[in-house]
Amino acid sequence: MVSRVKLREITATLASAGVFDPVFEAREILREYAGDAALMGGELTESALERIDDTVRRRITGEPLQYIFGQWEFYGYPFSVGEGVLIPRPETEMLVDIAADRLDSDSTVLDLCSGTGCIPISIALKTGARCYAVELYDKAFGFLERNIALNNAPVTALKADARDNSLFPGITFNAIFSNPPYLTDEEMSSLPREVAHEPETALAGGSDGLGFYRTLIPAWAPRLAPGGFIAVEIGETQGRAVSQIMSDSRLRPGVLKDPAGLDRVVMGEMTR
Ligand code: GLN
């Protein structure tokens, strides 16, 4: 079958199944199994066609494309993903940009609730900082370890509860990052069907979504090195509340917007 014809067919199938961006996903599917050249036309092999059709069949049941591919890109680096771990999202790259601006190979960095490890691995590779990562759940921790190896990144991973601020004794951190679960109960009750495939433990932040910030920020602020900061990803309505939590821990807060213009990160800097 000719690739351009197949592309139109996939796009139409995804669209009628209610996929949010069928044009983008159809192109990603074609590219994944037949390479960039298939976007320019030409005949598809039998095996490429089979894999494409299999992917489309799974995708229209709501399974996220990233889980079907088993790998997804974040900050230009490859990450192994699948059932049991949150898929890296482009807005989270803001945390790596902050690290790239402010940290270097002399820095020591902690990431809490690491999941795939997209944050600490990208920061370690981009800045050369010594990075530590904490993840509690078995499956997610498996992905974290696999991704450290996949990227050959200088990251130390610990399977532990991020609320335990006695981890890594004797070390102080120039920066602490986290993209914790932050969805509210109300948001959890109306998840897009793709997001519903992702682990609840990576999404649900308690009734108002702020539970992890209330616990993690006061617990870890005392572990900052002089001049250090904490930077967390937030839901777009949480800027004010998380800023207050930072202030209560004597960190000077600032809210940063994502490329879509929504509040996405709160950074709290140590004041002396
Ligand atoms: N950004 C994710 C979403 O929109 C939520 C991730 C999180 O809770 N940290 O589903």
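Anything mentioned here points back to the structure above.
Residues numbered from 1 in each chain as written. Predicted model: local features only at pLDDT ≥ 70, side-chain atom pairs only at ≥ 80, totals over all residues. Heavy atoms only, no water.

Asks: Account for the environment of S189, with residues named and values stated.
Replies: Residue position: S189 is located in the loop between α8 (185-188) and α9 (211-220). Note on S189: relative accessible area 62%, which makes it exposed. Remark: the alpha-carbon pair of S189 and E91, spanning 98 residues in sequence, is separated by 23 Å. A distance of 2.6 Å separates a polar atom in the side chain of S189 from the backbone oxygen of E186. (Helix = DSSP H or I, 4+ residues; strand = E, 2+ residues; numbered from the N terminus. Buried < 20%, exposed > 50% of the residue type's maximum accessible area, 1.4 Å probe, protein only. Polar contact = N/O pair within 3.5 Å; in protein donor to acceptor, adjacent residues only side chain to side chain.)

Asks: Requested: an account of empty space enclosed by the protein, with residues and values cited.
Replies: Scanning all chains against the criterion turns up 1 cavity of 30 Å³ or more. By volume, the largest cavity amounts to about 60 Å³. What lines the largest cavity is simply L112, I176, S178, P180, F212, Y213, L216, I217, W220, I230 and V232. Class assignment for the residues of the lining of the largest cavity results in 10 nonpolar, 1 polar and no charged. (1 Å grid on protein atoms, 1.4 Å probe; cavity = no way out; pocket = protein on both sides within 12 Å on 5 of 7 lines; lining within 4 Å. Points joined across faces, edges and corners; volume = space filled by probe spheres on them. Nonpolar A, V, L, I, M, F, W, Y, C, P; charged D, E, K, R; others polar.)

Asks: I'd like a rundown of the packing of helix α1 (residues 3-16) against helix α3 (residues 46-59), residues and numbers included.
Replies: Two quantities define a packed helix pair, namely the angle between the helix axes and the distance between the axes. Relative to each other, α1 and α3 sit at 15 degrees, their axes nearing to 10 Å. The angle between α1 and α3 falls in the class roughly parallel. By crossing handedness, the relation of α1 to α3 is classed as right-handed. For the pair α1 and α3, the contacting residues are K6, E9, I10, T13 and L14 in the first and L49, I52, D53, V56 and R59 in the second. (Axes fitted to C-alpha atoms, helices over the stretch in contact; angles between N-to-C directions. Parallel < 35°, antiparallel > 145°, perpendicular 65-115°, else oblique. Left-handed = near helix turned anticlockwise from the far one by under 90°. Contact = heavy atoms within 4.5 Å.)

Geometry only, nothing functional implied.
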